[in-house]
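Geometric and topological summary
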Amino acid sequence: MSESGNGVALATTYHDPRGVLYPQLQRHLPFLQDIFGGIAANVSPDLHPPTLELLRSSGVDLVQQVRNIERDGVPALGQVRRAVIAQALSLDTPFVMYCDGDRVLHWAERYPDELAAVIKELPAADFTVLGRTPRAFASHPRIQSETEAIINQLYATISGRNWDITAAARGLSRAVAQAIVDDCADNSIGVDAAWPLFVQARGGFTMRTVATEGLEFETATQYPDAVATAGSEEAWKAGLDADPNHWVFRLNVARVEVQSMVPYQRVASGQPT
């Protein structure tokens, strides 16, 4: 375990079939291994082979690759995330941080000091929702920011907590992580909302949120040619917002997220923010 990792293992999902993020991974994997006490990764079946070899040769603890599972046209990321949380528990650290692979690489590249500081602060609560500053939230295209605002608003109504839950990054104590693995069966992307609502409903755990700059919009990194063709990242994002198909997908994601909150609608109203 890295001494600077503060007893926090990284649990991440990694999907990059074209190897677009490979140079970024090469640059920043040593840094991630230095600041975390171990890394577990759930990799997609069609992952770029050199990327898979780099992860293996670097000692990353890999979860057996899973099929591309969808629910109503939306990736069933809850199942994938729960599997890698379970894998991270085998690394025997007191805490686990979950973050998608592309997001944690972007964070390491743009805001490494913030990432290192956030990791050290995770033991301050059993469950930490890592959200975004207003600037970081606004960096996303409208197809995300406007649909995710719906999710966050309903979460606030149900939980009593005005938190940004849709960046999908979390800090979890071993007890919370084990409870989620054992008893939170939601397999959908709706675990963005279901996990914090489950923890709140279970009771006995401390919870908090931290707004970060590093969880800003990261996806443009994966499409450098398209961004160059558009002329700028802002122009490329405007093109995404102009495509109704992207709105259909993101609205469907929002629907799945909202559906995952239904079982918790009476759980925590009136709780302090």
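Structural notes, computed from the coordinates. Predicted, not measured: the structure shown is a model, and the values here were computed from it. (Residues numbered from 1 in each chain as written. Predicted model: local features only at pLDDT ≥ 70, side-chain atom pairs only at ≥ 80, totals over all residues. Heavy atoms only, no water.)

**Things to note about the overall build of the protein chain**
If you tally the helices and strands in the protein chain, you get 12 helices and 9 strands. What you see for the protein chain is a C-alpha radius of gyration of 18 Å, in line with the 19 Å of a compact globule of 273 residues. On the principal axes, the C-alpha backbone points of the protein chain span a range of 50 × 45 × 35 Å. Within the span of the protein chain, comprising 273 residues, buried residues form 53% of the whole. (Helix = DSSP H or I, 4+ residues; strand = E, 2+ residues; numbered from the N terminus. Rg over C-alpha atoms; globule rule 2.2 N^0.38 Å. Buried < 20%, exposed > 50% of the residue type's maximum accessible area, 1.4 Å probe, protein only.)

**Considerations on the state of the cysteines**
Throughout the structure, instances matching the rule amount to 0 disulfides. Cysteine 99 forms no disulfide, and the closest cysteine sulfur to it belongs to cysteine 184, at a distance of 19 Å. (Disulfide = S-S within 2.5 Å.)

**Focus on the packing of helix H4 (residues 101-110) against helix H5 (residues 112-121)**
Between H4 and H5, whose axes approach to 5 Å, the crossing angle comes to 115 degrees. For the pair H4 and H5, the contacting residues are Val104, Trp107, Ala108, Glu109 and Arg110 in the first and Pro112, Glu114, Leu115 and Val118 in the second. Split by residue class, the contact of H4 with H5 holds 6 nonpolar, no polar and 3 charged. (Axes fitted to C-alpha atoms, helices over the stretch in contact; angles between N-to-C directions. Contact = heavy atoms within 4.5 Å. Nonpolar A, V, L, I, M, F, W, Y, C, P; charged D, E, K, R; others polar.)

**What about helix H3 (residues 77-89)?**
Helix length check: H3, at 13 residues, gives a terminal C-alpha distance of 18 Å against a target of 18 Å (1.5 Å per residue), a fit within 8%. Of the positions making up H3, those classed as buried are Gly78, Val80, Arg81, Arg82, Val84, Ile85, Ala88 and Leu89. (Expected span 1.5 Å × (residues − 1).)

**Overview of empty space enclosed by the protein**
Scanning the entire structure with this criterion turns up 2 cavities of 30 Å³ or more. In terms of lining, the largest cavity is formed by 13 residues, of which the most central are Thr12, Tyr14, Leu25, Leu32 and Leu55. Residue assignment for the lining of the largest cavity shows that the elements contributing at least two residues are strand E1 (8-14), helix H1 (22-35), strand E2 (39-43) and H4. Its residues assigned to classes, the lining of the largest cavity shows 11 nonpolar, 2 polar and no charged. (1 Å grid on protein atoms, 1.4 Å probe; cavity = no way out; pocket = protein on both sides within 12 Å on 5 of 7 lines; lining within 4 Å. Points joined across faces, edges and corners; volume = space filled by probe spheres on them.)

**A word on the side chain of asparagine 152**
With respect to the helices and strands, the residue asparagine 152 is situated in helix H7 (residues 142-159). Dropping the residues within four chain positions of it, asparagine 152 is found in contact with Phe137, Trp163, Asp164, Ile165 and Thr166.

**Focus: the sheet that holds E1**
In space, the 7 strands of this open sheet follow the order E3-E2-E1-E6-E8-E7-E9, with mixed pairing throughout. Only two strands of the sheet have a single neighbouring strand rather than two, namely strand E3 (61-63) and strand E9 (207-212). Averaged over neighbouring strand pairs, the angle between their axes works out to 20 degrees when direction is ignored. Note that strand E7 (residues 127-132) and E9 share 6 bridges and pair parallel. The residue bridging leucine 130 from the neighbouring strand is valine 210, located in E9. (Pairing = 2+ DSSP bridges.)

**As for the pairing of E7**
Counting buried positions along E7 gives 6 out of 6 residues, so the element sits mostly inside the fold. With 4 bridges joining them, E7 and strand E8 (residues 169-173) adopt antiparallel strand pairing. Of the residues in E8, the one forming a bridge with phenylalanine 127 is leucine 172.

**What to know about the environment of serine 188**
Assignment of secondary structure puts serine 188 in the loop between helix H8 (174-183) and helix H9 (191-202). For serine 188, a relative accessible area of 1% corresponds to the buried category. Taking the C-alpha atoms as reference points, serine 188 and glycine 78, separated by 110 residues in sequence, lie 4.7 Å from one another. At 2.9 Å, the side chain of serine 188 and the backbone nitrogen of glycine 190 are in polar contact. (Polar contact = N/O pair within 3.5 Å; in protein donor to acceptor, adjacent residues only side chain to side chain.)

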